[in-house]
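Each chain, letter by letter, is given below.
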Amino acid sequence: MSRKKGNSSLGILVVFGLIIAGAIYLYTSEMFERDTPEITLKNNGYWNLKKPLNIEISDLSGIKSYRITMKTKSDEKSLAYEEFLTPNSTINTEIKPPRSAYVMKDKKIKIIVEAIDASKWNFLSGNRIVKEFEFIIDKKRPQLSSVSHSYKITKGGSALIILKAKDDNLDTLYIETNFKKRFKLQPFYKDGYYIALVAWPIIEKNFKATMIAIDKAGNKSKSYIPFYLKDKAYRVSNIKLSDRFLKGKIADLAEDFVETQGITDSLEQFVIINEDVRAKNEELIHQITSKVSDEMISDFNPNKMYPLKNAQVVASFGDHRKYSYDGTRISESYHLGLDLASNAMASIKPQNSGDIVYSDYNGLYGNMPIIDHGLGLYTLYGHCSSVNVNRGDFVNAKSDIANTGKSGYAMGDHLHFGVLVQGVEVRPQEWMDKTWIKLNITKIIKSAKKIIDRD
Ligand SMILES: [Zn+2]
């Protein structure tokens, strides 16, 4: 009797154990998972009814079915329904708007995504989720037009553009060029107006500027800005490298730079300095001078630049320097500033105020302060013997910021004066010319303000 009783209690225990094991199996098996499907919409909350909505639905046990509905104030329309015999773990679907959407008056709609997974949970009916996404319907392209701009641009030079861009949901605005550069715009004078200096890099054969405005729904406006293009030939200099120069200045510089450590061949040192070190130094300059403020600017009226009194031009902007040794061409570079010389260690006094955004040693450029004058316009002072300002300082016009010298890649005491527009080196001569500034900058701003005031 007692043995029998023992047997049956053992049986109960086994059955009980099996039930628990079964429950654990059900509880942990993918077949019975309890997570609802995940739904992601790859679009933002704006829809222009042109681009499809990209919806991704995923689930561990697979998707059994999904339904996508568009809900307006007065209407509900099914956009998609699918049921799968073999469940997919991830579904990517593109939803196009229904025809009725193009004529609807609603500015806001809801997209409702319902998905059921292939889990056996919930008495085999699976896990269900309903997710709502709100969209603002925006079919209108941004309003975009030129208000005023410089009449011409010279190769290597600068120009100004003022434009009007209006949209309820404006997202991006920039000036596209035929080269890779995109010029940023700064809010100007009144709401909906923008201003930018642009530049034609000396190495580009052509210049083409197009304003682009895109709203949050992806509507895009594009308008070409017709500049009169003035080509300019820059000097090509063939420079023969002397042993004196290689063993002197180049050997000295090679000791300083990381890039030339362990290199003993003078010509190799020269090529690394003229190409690799120069590229690194210029990259730093471009990076520092590419920033443009987002704050509204009401005026821009720079004084003609002339940082060094009684100075002589000793090298021009844009010289294409081709270097050879023993009759063989070994390297080349562009001179991207204007070299000015007066007395040794002469005072450098810029004619325009601004923020010091860099004041340190920069390889070939030696000791080099950079001033931010606003609107993406920067000036740079290379080869200084000493610098009297620090990064973060604000300097008034005519402040004594530094002294000329021959630090970096310079043979004699001089100032390498650079002007940059949004990270592009431009002809300093334009900014040193009162008439050029008046015609191309201040007059354009004045006439734009008149037009804006009437608008
Ligand atoms: Zn120079």
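Everything discussed here concerns the structure shown above.
Residues numbered from 1 in each chain as written. Predicted model: local features only at pLDDT ≥ 70, side-chain atom pairs only at ≥ 80, totals over all residues. Heavy atoms only, no water.

**As for the sheet that holds strand β12 (residues 186–187)**
Here's step 1: Taken together, 4 strands build an open sheet; the order of strands is β7-β9-β13-β12 and the sheet is antiparallel. Pairing within the sheet leaves two strands with one partner each, and these edge strands are β7 (143–149) and β12.
Here's step 2: Two elements, β12 and strand β13 (residues 193–199), share 2 bridges in a ladder whose sense is antiparallel. Residue pairing for β13: Gln-186 is matched across the bridge by Ile-195.
Here's step 3: Strands in contact with helix α5 (residues 434–454) are β7, β9 (158–166) and β13; relative to β9, the strand with the most contacts, it is inclined by about 15°. (Pairing = 2+ DSSP bridges. Helix = DSSP H or I, 4+ residues; strand = E, 2+ residues; numbered from the N terminus. Contact = heavy atoms within 4.5 Å. Axes fitted to C-alpha atoms, helices over the stretch in contact; angles between N-to-C directions.)

**Quick notes on the coordination of the zinc ion**
Here's step 1: For the zinc ion, every protein donor is listed as His-335 (NE2), Asp-339 (OD), Asp-339 (OD) and His-416 (ND1), and the spread of their distances is 2.0 to 2.7 Å.
Here's step 2: Considering all 4 donor atoms around the zinc ion, the spread of angles at the metal, 53 to 157°, places the coordination shape in the irregular class.
Here's step 3: Each donor residue of the zinc ion lies on one chain, and together they are spaced H-x3-D-x76-H.
Here's step 4: The class of His-335 is buried, set by a relative accessible area of 6%. (Donors = N, O, S within 2.8 Å, 3.2 Å for Na, K, Ca; no water. Tetrahedral: all angles 85-135°; square planar, octahedral: opposite > 155°, others 65-115°. Buried < 20%, exposed > 50% of the residue type's maximum accessible area, 1.4 Å probe, protein only.)

**A word on a positive patch on the surface**
Here's step 1: On the surface, a cluster of positive charge is contributed by Lys-304, Lys-434, Lys-438, Lys-443, Lys-446, Lys-450 and Arg-454.
Here's step 2: Its location among the elements puts Arg-454 in helix α5. (Patch = residues over 30% accessible without salt bridge, like charges linked within 9 Å, V, L, I, M, F, W, Y side chains within 5 Å. Areas by Shrake-Rupley, 256 points an atom, 1.4 Å probe, with all protein chains shown as cover. Salt bridge = Lys/Arg side-chain N within 4 Å of Asp/Glu carboxyl O. Lys, Arg positive; Asp, Glu negative; His and termini not counted. Charge placed at Lys NZ, Arg CZ, Asp CG, Glu CD.)

**Quick look at the sheet that holds strand β15 (residues 220–225)**
Here's step 1: Spatially, 4 strands are ordered β11-β10-β14-β15 in an open sheet, and the strand pairing comes out antiparallel. What marks the edges here is a single partner per strand, and that holds for β11 (182–184) and β15. Neighbouring strand axes in the sheet, compared pairwise and without regard to direction, differ in orientation by 25° on average.
Here's step 2: In this structure, strand β10 (residues 170–177) lies alongside β11, joined through 3 bridges in antiparallel fashion.

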